[in-house]
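Below are the chains, spelled out letter by letter.
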Amino acid sequence: MARKRDRRVAPSSDHHETGVKTPTRTDQFSEAAASDRKLMTVFIVFFVVIPAVSILVYRFKYAPNTDSSYPQFQEDGLVKTDVDYQEILDENSKTLKNESHRHYTYPVLAYITPWNSKGYEMAKRFTNKFTKLCPVWYDLKSQGTGLVLEGRHNADMGWISELRRNGNALVLPRVVLEAFPKELLKKKKLRDKAIDLIISECKEMEYDGIVLESWSRWAAYGILHDPEMRNKALQFIKQLGHALHSVSSSKNGKQYLQLVYVIGPPYSEKLQPHDFGPEDLQSLSDDVDGFSFMTYDYSSPHNPGPNAPLKWIRFTLQILLGNSGARALANKIFLGINFYGNDFVLSEGMLESPISGRVKDSYTSYKTTLHGMGLHKLMTD
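Rules used in this analysis
Residues numbered from 1 in each chain as written. Predicted model: local features only at pLDDT ≥ 70, side-chain atom pairs only at ≥ 80, totals over all residues. Heavy atoms only, no water. UniProt positions renumbered as here; feature names shortened; annotations may be inferred. Helix = DSSP H or I, 4+ residues; strand = E, 2+ residues; numbered from the N terminus. Buried < 20%, exposed > 50% of the residue type's maximum accessible area, 1.4 Å probe, protein only. Contact = heavy atoms within 4.5 Å. Areas by Shrake-Rupley, 256 points an atom, 1.4 Å probe, with all protein chains shown as cover. Salt bridge = Lys/Arg side-chain N within 4 Å of Asp/Glu carboxyl O. Pairing = 2+ DSSP bridges. Right-handed = clockwise from strand over helix to strand, strands pointing away. Core = buried A, V, L, I, M, F, W, Y, C linked by side-chain atoms within 4.5 Å. Phe/Tyr/Trp six-rings, centres within 6.5 Å; stacked < 30°, edge-to-face > 60°. Arc of directions from axis to C-beta. Polar contact = N/O pair within 3.5 Å; in protein donor to acceptor, adjacent residues only side chain to side chain. Axes fitted to C-alpha atoms, helices over the stretch in contact; angles between N-to-C directions. Parallel < 35°, antiparallel > 145°, perpendicular 65-115°, else oblique. Nonpolar A, V, L, I, M, F, W, Y, C, P; charged D, E, K, R; others polar. pLDDT = per-residue confidence, 0-100.

Identification of the chain as Chitinase domain-containing protein 1 from Salix udensis is taken from an unreviewed UniProt entry. The heading Sequence similarities (unreviewed entry) in the UniProt record of the chain holds the text "Belongs to the glycosyl hydrolase 18 family."

Now the structure itself:
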């Protein structure tokens with residue numbers, strides 16, 4: 001009898017397989033590699049791509065603009081980012097070969113001060129770089145029951161003649177109003193006398209107008225806290241401006257005498273009575289040709305620090321040109337740029353002294369100020 005053959009049937013994968021197929025070593029290696037690739041991708045995104053994009057965005061948004069309209073600055077190596085102190089010491093007294101051509105059209109006012117004798121020479125050399133030059137010469141003071149204008153002995157007519165031979169910059173000497181403000185502003189006779197003294201001096205000395213400084217002194221006397229006196233102060237400036245505008249310049253009969261008024265920066269968003277604000281700017285705009293805005297001397301011995309931080313300059317401009325009406329007058333603002341610094345020393349209290357530099361055995365100017373109207377672009381850039 002034949003032996004019965006066993007039948008072996010392979011288990012059906014469709015009906016009998018209930019577990020998960022056990023992965024092989026090759027599958028495990030593939031999964032590990034895929035996981036590593038994911039980790040590497042995450043690492044590259046977070047530690048390479050995102051920082052790189054951030055740097056590009058930062059440079060695009062915050063890096064200083066380079067003006068392609070002045071390619072000679074780059075060609076001559078005048079624009080650098082890696083400047084060391086020795087280069088500044090070696091090069092600070094040198095000037096570009098061009099001493100007359102202006103690269104921009106907005107007005108620039110420069111002060112020439114008694115404590116910087118070199119300023120007179122610089123003004124003659126670079127006359128065409130400026131539109132207005134302001135020698136610091138005059139003080140209007142009380143004398144008995146009257147007034148006196150002091151400072152003619154400071155005037156240098158030979159220097160003025162040289163300026164006018166060299167270029168077309170206007171000469172507007174500074175007049176500081178030191179007369180007792182209450183008497184001056186309350187008495188019409190004294191107001192008229194002050195204006196007459198100023199205009200007579202402009203005619204006799206053939207000036208092109210004046211730069212008037214009075215607001216800070218009025219604030220020191222406290223009269224700007226009185227609304228009536230504050231209004232009289234503004235009316236006096238208007239009266240002076242109107243009177244100057246009614247007189248023709250001796251140099252150019254078609255041009256009237258000009259008035260530039262010195263104003264200080266507000267120090268808080270909430271304007272104080274002594275602060276010069278947007279409403280004052282609008283009030284005087286018809287009678288004042290420009291406002292010399294003192295955006296420097298930010299720090300003091302009681303609060304030492306930088307002289308003119310850019311963030312603070314922007315802040316004060318925004319306050320001064322606060323509303324839409326005042327912003328239209330931005331082209332009348334001479335924004336002050338200081339060419340000096342201060343050193344604060346702890347010695348029996350905080351002391352302040354100017355930072356000066358020695359160049360060719362002579363001291364450079366440590367307190368020179370340049371005011372330029374075009375710098376109101378800070379508000380729009």
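A few points about the overall build of the chain
Counting secondary structure elements, the chain contains 12 helices and 14 strands. A total of 381 residues make up the chain; the buried ones form 36% of that total. Sequence-distant contacts in the chain: of pairs separated by 6 or more residues, those separated by 24 or more amount to 73%. Working note: accessible area of the chain is about 24100 Å², and carbon and sulfur atoms make up 53% of it.

Some words on the pattern of salt bridges
Proximity of charged atoms lets side chains of opposite charge pair with each other. Tallied over the entire structure, the rule returns 10 salt bridges. Arg 164 is the partner of Asp 208 in a salt bridge, and the nearest nitrogen-oxygen pair spans 3.1 Å. Residue Asp 208 is found in the loop between α7 (188–205) and β6 (209–213), and its partner Arg 164 is found in helix α5 (residues 157–166); the two are separated by 44 residues along the sequence. The salt bridge involving Asp 280 is made with Arg 230; its shortest N-O contact spans 2.8 Å.

Structural notes on the pairing of strand β8 (residues 290–293)
By the alternation rule, side chains of β8 split into Gly 290 and Ser 292 and Phe 291 and Phe 293, which are all buried. Note that strand β7 (residues 258–263) and β8 share four bridges and pair parallel. Pairing of Ile 263 across the sheet is with Phe 293, part of β8. Taken together, β7, helix α10 (residues 278–284) and β8 form a β-α-β motif whose crossover is right-handed.

A few points about the pairing of β7
Within β7, six of the six residues are buried, leaving the element largely enclosed by the surrounding structure. Judged by which residues are buried, β7 turns out to be covered on both faces: Gln 258, Val 260 and Val 262 on one side and Leu 259, Tyr 261 and Ile 263 on the other are all buried.

Some thoughts on the nonpolar core
One finds Tyr 207, Ile 210, Trp 218, Tyr 261, Phe 276, Leu 281 and Phe 291 to be the most contacted residues of the largest nonpolar core, which totals 68 residues. For Leu 281, the contacting residues outside a window of four places in its chain are Phe 276, Phe 291, Leu 320, Leu 321, Ala 326, Leu 329 and Ile 333. Leu 109, Cys 134, Val 136 and Leu 172 belong to the second largest nonpolar core, which has 10 residues in total.

Observations concerning the environment of Val 262
If you trace the backbone, Val 262 turns up in strand β7. Sequence-wise, Val 262 and Leu 212 are 50 residues apart; in three dimensions their C-alpha atoms are separated by 6.2 Å. Leave out the neighbours within four places in its chain, and Val 262 touches Tyr 111, Val 211, Leu 212, Glu 213, Trp 215, Ser 292 and Met 294.

Let's talk about the packing of aromatic side chains
Throughout the structure, instances matching the rule amount to 11 aromatic pairs. Their ring planes at 85° and their centres at 5.2 Å tell us that Trp 215 and Phe 276 sit as a pair that is edge-to-face. Residue Trp 215 is located in helix α8 (residues 215–221), and its partner Phe 276 is located in the loop between β7 and α10; the two are separated by 61 residues in the primary sequence. Residue classification places Trp 215 among the buried positions, given a relative accessible area of 4%. Judged by relative accessible area, Phe 276 falls into the buried class, the value being 2%. Three or more aromatic residues joined by ring pairs form one cluster here, namely Trp 215, Trp 218, Phe 236, Tyr 261, Phe 276 and Phe 291.

Concerning α5
Along α5, the residues that are buried comprise Trp 159, Ile 160 and Leu 163. On an axial view of α5, the arc spanned by its buried residues comes to 100°, and they lie on one face. The elements touched by buried residues of α5 are β1 (108–112), α4 (118–125), β2 (132–143) and β4 (170–171). Measuring from the side-chain oxygen of the N-cap residue of α5 to the backbone nitrogen of Gly 158 gives 3.2 Å; that N-cap residue is Asp 156.

Here's the deal with the packing of α4 against α5
At a closest axis distance of 9 Å, the pairing of α4 and α5 adopts a crossing angle of 25°. Relative to α5, the element α4 is oriented roughly parallel. Contacts from Tyr 120, Ala 123 and Lys 124 of α4 reach α5 at Trp 159, Glu 162, Leu 163 and Asn 166. For the contact of α4 with α5, the residue count by class is four nonpolar, one polar and two charged.

A closer look at the confidence of the model for the chain
With 70% of its residues at a pLDDT of at least 70, the chain reaches an overall mean of 78. Here strand β13 (residues 362–363) stands out as the least confident element of the chain, with mean pLDDT 28; β6 is the most confident, with 97. Confidence over residues 1–20 falls short of pLDDT 50; this stretch has one contact with residues more than four positions distant or in other chains. The low-confidence segment residues 358–369, where pLDDT is below 50, has 34 contacts with residues more than four positions distant or belonging to other chains.

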